[in-house]
Amino acid sequence: MKLKSLLIGSAALAAAATGAKAADPIFVPEPEPMEYVRVCDVYGAGFFYIPGTETCLKIGGYARYQIDWSDSDDSNFAVMGGTLSANSLSTDSGGWRKLARANLTIDARSETEYGTLGGFFELRADAYSGVSRLGMPSGTAPFSLNGITRGTYLNQAYITLGGFFLGYKATIFDQGLSGEYDAGGFDGSIHTLGYTFVPGNGVSVSLALEENDYNYDYTPNVVGKLGVAQGWGSFDAFVAYDATAKEWGVKGFASINATDQLTLELLATYFSDPSLYSNGYDYSLGGHLKYAATPKLAVGFGGQYLGDKHGSSADDWAVGGVIDYELVENLDTKIAVNYKDGDSYKDGAFSGFFRITRSF
């Protein structure tokens, strides 16, 4: 009897313990609060904070499609537009040249005790429509050199700290008219180290050491720029010394706000002789008028005179017109028509393009 009571008591005790354990609350850890992307308006529109940091980031770029034409495609000097046979180049061809381009930019900035720390890079991918009938015997079907006409490349990549900049970026000598006919000199990307000083009142001064050679020497090119921007417009003066060619050049550019809708641009250049920065002529003078007819439509027209071509002393000139129209926000179109003539041309040459760009 005692044994039976003992067993019953033990079973009841075990059941009570099990019930107590089942009744214990289950603790679920609270989820960590979600950190939403914050807008960073310190550096302008489009920047946002990288979550968990104080670095602001902006992603931008564009997709573009362009169709070019030139009546010089049908000349005896346009190998790209003719059929090259064993002994001669016929002029039975010529046509459209097309370009598809993707451009991506990333801009990162943050504040330090030495000023704004920035990092910028630009990736670009191009696909041309190919080169047809180049270097093939007469009667051979057209072909396309896609290995040459397609490619992805780094267009810019540089670091900034305060006023200093270092890396691969557009030369500070880059400046031209708003037309598509002008030649203002070298405007590409280059390896550089420089500093920009901004004292205030719209004044800026830049000095850069630029290098375009590979394993050639230890002497960089020297480029300087002085800029002034006021309510009436802006003026920029440039000077460049090519240490490899041992030649120099200067350039002046002015943009004058004649009215709220009408802008006048003026360009003057002088180059001592052929160099990286030269536009191919000893001197040139140009001007361009741009009229903003509506917030979406702008038209422009201008020209440039180019004197004493390097190597031949030829005098040439160019004129052109452009129409810019915004179809919708971030979707822009451009039509350009140019004409070039002078001592370097037999009959003169028309050219132009249609371009549509979706930017973001």
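Structure first, text after, so check above.
Residues numbered from 1 in each chain as written. Predicted model: local features only at pLDDT ≥ 70, side-chain atom pairs only at ≥ 80, totals over all residues. Heavy atoms only, no water.

Asker: Just checking my understanding: could you explain the overall build of the chain for this structure?
Answerer: The number of helices and strands found in the chain is two helices and 19 strands. Out of the 360 residues in the chain, the part that is buried amounts to 32%. Pairs at least 24 apart in sequence give 48% of the contacts found in the chain among residues at least 6 apart. Per element, the accessible surface of the chain, about 21,500 Å² overall, is 62% carbon and sulfur. (Helix = DSSP H or I, 4+ residues; strand = E, 2+ residues; numbered from the N terminus. Buried < 20%, exposed > 50% of the residue type's maximum accessible area, 1.4 Å probe, protein only. Contact = heavy atoms within 4.5 Å. Areas by Shrake-Rupley, 256 points an atom, 1.4 Å probe, with all protein chains shown as cover.)

Asker: Teacher, can you tell me more about the environment of Ile 67 here?
Answerer: With respect to the element layout, Ile 67 can be found in strand β2 (residues 56–70). For Ile 67, a relative accessible area of 24% translates into the label partly exposed. Along the chain, Ile 67 and Ala 100 lie 33 residues apart, while their C-alpha atoms are 9.0 Å from each other.

Asker: Before we go on, may I ask you to explain the side chain of His 288 in this structure?
Answerer: If you trace the backbone, His 288 turns up in strand β15 (residues 281–292). Only 2.9 Å separates the side chain of His 288 from the side chain of Tyr 181, close enough to count as a polar contact. Discounting residues that sit within four places of it in the chain, His 288 has contacts with Leu 177, Ser 178, Gly 179, Tyr 181, Thr 263, Leu 264, Glu 265, Gly 300, Phe 301, Gly 302 and Val 322. (Polar contact = N/O pair within 3.5 Å; in protein donor to acceptor, adjacent residues only side chain to side chain.)

Asker: Please explain the nonpolar core as it appears in this structure.
Answerer: In globular proteins that are soluble, nonpolar side chains generally tend to be buried together. One finds Ile 172, Phe 173, Leu 177, Val 223, Ala 240, Phe 253 and Tyr 277 to be the most contacted residues of the largest nonpolar core, which totals 16 residues. Contributing elements (two or more residues each) for this core: β12 (233–242) and β14 (262–271). Setting aside residues up to four positions removed in sequence, Phe 173 forms contacts with Gly 184, Phe 186, Val 223, Phe 238, Val 239, Ala 240, Gly 249, Lys 251, Phe 271 and Tyr 277. Counting residues in hydrophobic clusters, the runner-up holds five residues, among them Tyr 43, Phe 47, Tyr 49 and Cys 56. (Core = buried A, V, L, I, M, F, W, Y, C linked by side-chain atoms within 4.5 Å.)

Asker: Can you help me understand the pairing of strand β5 (residues 97–112) in this one?
Answerer: Consecutive side chains along a regular strand alternate between the two faces of the sheet. Bridge count for β2 against β5 is 13 bridges, and the pairing is antiparallel. Pairing of Ala 63 across the sheet is with Ala 102, part of β5. Where β5 meets strand β6 (residues 115–128), 14 bridges bridge the pair, whose relative direction is antiparallel. Looking at the pairing, Thr 105 lines up with Glu 122 of β6. The loop that links β5 with its antiparallel partner β6 comprises two residues. (Pairing = 2+ DSSP bridges.)

Asker: For this particular structure, what's the right way to read the pairing of strand β10 (residues 203–211)?
Answerer: Where strand β9 (residues 189–200) and β10 come together, eight bridges link them in antiparallel fashion. Residue Leu 193 lies in a different strand from β10, and its bridge partner there is Leu 209. Here β9 folds back onto β10 in antiparallel fashion, the turn holding two residues, of which Asn 201 has a positive phi close to 60°. Bridge analysis of β10 against strand β11 (residues 221–230) gives eight bridges, and the strand direction is antiparallel. Bridge assignment links Leu 209 to a residue of β11, and that residue is Val 222.

Asker: Mind showing me how you'd approach the packing of aromatic side chains here?
Answerer: Here a ring pair, both rings aromatic, is described through the centre-centre distance and the interplanar angle of the planes. Applying the stated criterion across every chain yields a total of 11 aromatic pairs. Aromatic pair Phe 120 and Tyr 158: ring centres 5.4 Å apart, planes at 35°, arrangement tilted. Residue Phe 120 is located in strand β6, and its partner Tyr 158 is located in strand β7 (residues 150–161); the two are separated by 38 residues in the primary sequence. Residue class for Tyr 158 comes out buried when judged on its relative accessible area of 19%. With 5.6 Å between their ring centres and 50° between their planes, Trp 248 and Tyr 270 make a pair best called tilted. Here the residue Trp 248 occupies a position in strand β13 (residues 247–257), and Tyr 270 occupies one in strand β14, the gap between them amounting to 22 residues. Its relative accessible area of 40% is what places Trp 248 among the partly exposed residues. An aromatic cluster is present here, built from Phe 173, Phe 186, Phe 238, Phe 271 and Tyr 277 joined pairwise through their rings. It is Lys 169 that lies over the ring of Tyr 158; its NZ or CZ is 5.3 Å from the centre. Above the face of the Phe 238 ring, Lys 251 is positioned so that its terminal group lies 5.1 Å from the ring centre. (Phe/Tyr/Trp six-rings, centres within 6.5 Å; stacked < 30°, edge-to-face > 60°. Lys NZ or Arg CZ within 6 Å of the ring centre and 35° of its normal.)

Asker: I keep staring at the environment of Asp 217 and nothing clicks. Help me out?
Answerer: Mapping Asp 217 onto the fold places it in the loop between β10 and β11. The spacing of Asp 217 and Thr 244 is 27 residues in sequence and 8.2 Å in space, taken between C-alpha atoms. Looking at Asp 217, its side chain comes within polar contact range of the main-chain nitrogen of Thr 219, at 3.3 Å.

Asker: Just checking my understanding: could you explain the state of the cysteines for this structure?
Answerer: For the structure on display, the rule yields one disulfide. In this model Cys 40 forms its disulfide with Cys 56; the gap between the sulfur atoms is 2.0 Å. Here the disulfide of Cys 40 and Cys 56 is right-handed, its torsion about the S-S bond being about 80°. A residue pair is termed long-range when its members are at least 10 positions apart, and Cys 40 in the loop between α1 (2–23) and β1 (48–49) and Cys 56 in strand β2 qualify at 16 residues. The same class applies to Cys 40 and to Cys 56, which are both buried. (Disulfide = S-S within 2.5 Å.)

Asker: Is there a simple way to explain the pattern of salt bridges in this structure?
Answerer: Once the charged atoms of two side chains with opposite charge are near each other, the side chains can pair. Per the stated rule, a full pass over the model turns up seven salt bridges. A salt bridge links Asp 107 to Arg 109; its shortest N-O distance comes to 2.8 Å. Look at Asp 107 and you get buried, because its relative accessible area is 12%. For the salt bridge of Asp 324 with Lys 334, the shortest nitrogen-to-oxygen distance reads 2.8 Å. Highlighted residues: Asp 324 in strand β17 (residues 316–328) and Lys 334 in strand β18 (residues 331–342), separated in sequence by 10 residues. Judged by its relative accessible area of 12%, Lys 334 falls in the buried class. (Salt bridge = Lys/Arg side-chain N within 4 Å of Asp/Glu carboxyl O.)

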